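Architecture and fold: a report
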Amino acid sequence: LRELRDERCVPYLVTKLRTLTDWGAGFIAHELGHIGTEEAVVGMIEALDRDSRLVRRGAVRGLADAANPAAIGPLIAHLEDPDRRTRKLIFDTLVGFGNHAAPAIETALAETTPQQGRLRELLSRLLDLATQS
């Protein structure tokens, strides 16, 4: 079913995503993105909070593939992920949303404080790139 990207496998894959902690969970998250149902998107968003950077990376890749606007806010919230590669994937995914992400990015930028200079710079750059798309 996974290879066919059949929606019937989503509940099983989401359950596996919640329990696995290695590259397998990252692979599952990415596969969920190819299916892209609401349930799959919710599972991938949930995976953004996992301890494993491999799981988080897979979730970001899956959310990029699903291209569901519901992921924009959670991706913005995870822009300061502790893993540099995951941060880059999140940034690139948000750029891929283009103008659809601009209002959420503007809101996040307005809610930052001057003490969050790095995040403010990142959001400003992201806004510039997203509106150019």
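Before reading further, recall that the structure is shown in the block above.
Because the structure is a prediction, the values reported are computed rather than measured.

What to know about the overall build of the chain
Of the regular secondary structure elements, the chain holds eight helices and zero strands. Walking the chain from its N terminus toward its C terminus, one meets helices and strands in the order α-α-α-α-α-α-α-α. Its C-alpha atoms give the chain principal-axis dimensions of roughly 45 × 25 × 20 Å. Sequence-distant contacts, at least 24 apart, represent 64% of the contacts inside the chain between residues at least 6 apart. A total accessible area of about 7,300 Å² is found for the chain, and carbon and sulfur atoms account for 51% of it. Separation between the mean location of the 17 positive side-chain charges and that of the 19 negative ones in the chain comes to 7 Å.

A word on the pattern of salt bridges
Tallied over the full model, the rule gives four salt bridges. We note a salt bridge from Arg18 to Glu46, for which the minimum N-O separation is 2.6 Å. With Arg18 in helix H1 (residues 10-19) and Glu46 in helix H3 (residues 38-47), this residue pair connects regions lying 28 residues apart in the sequence. Asp81 is the partner of Arg56 in a salt bridge, and the nearest nitrogen-oxygen pair spans 2.6 Å. Here Arg56 is found in helix H4 (residues 53-66), whereas its partner Asp81 is found in the loop between helix H5 (72-77) and helix H6 (84-97), with 25 residues between them in sequence. For the pair Arg56 and Asp81, one class covers both residues: buried.

Digging into the nonpolar core
With 42 residues, the main nonpolar core has Leu32, Leu75 and Leu79 as its most contacted residues. In this structure Leu79 touches Arg87, Ile90, Phe91, Leu94, Leu119, Leu122, Leu123 and Leu126, once residues within four positions along its chain are discounted.

Looking at helix H8 (residues 117-132)
Given a rise of 1.5 Å per residue, 16 residues ought to cover 22 Å, and the 23 Å separating the end C-alpha atoms of H8 matches this to within 8%. Along H8, the positions that sit buried rather than exposed are Leu119, Leu122, Leu123, Leu126, Leu127 and Ala130. Down the axis, H8 shows its buried residues gathered within 135° of arc, on one side only. Those residues of H8 that are exposed and aimed more than 90 degrees away from the buried face are Arg118, Glu121 and Gln132. Looking at the buried side of H8, the elements it contacts are H5, H6 and helix H7 (102-111).

Some remarks on unusual backbone geometry
Even without being glycine, Ala67 reaches a positive phi, approximately 50°. Within the fold, Ala67 resides in the loop between H4 and H5.

Thresholds, definitions, all that
- Residues numbered from 1 in each chain as written.
- Predicted model: local features only at pLDDT ≥ 70, side-chain atom pairs only at ≥ 80, totals over all residues.
- Heavy atoms only, no water.
- Helix = DSSP H or I, 4+ residues; strand = E, 2+ residues; numbered from the N terminus.
- Contact = heavy atoms within 4.5 Å.
- Areas by Shrake-Rupley, 256 points an atom, 1.4 Å probe, with all protein chains shown as cover.
- Lys, Arg positive; Asp, Glu negative; His and termini not counted.
- Charge placed at Lys NZ, Arg CZ, Asp CG, Glu CD.
- Salt bridge = Lys/Arg side-chain N within 4 Å of Asp/Glu carboxyl O.
- Buried < 20%, exposed > 50% of the residue type's maximum accessible area, 1.4 Å probe, protein only.
- Core = buried A, V, L, I, M, F, W, Y, C linked by side-chain atoms within 4.5 Å.
- Expected span 1.5 Å × (residues − 1).
- Arc of directions from axis to C-beta.

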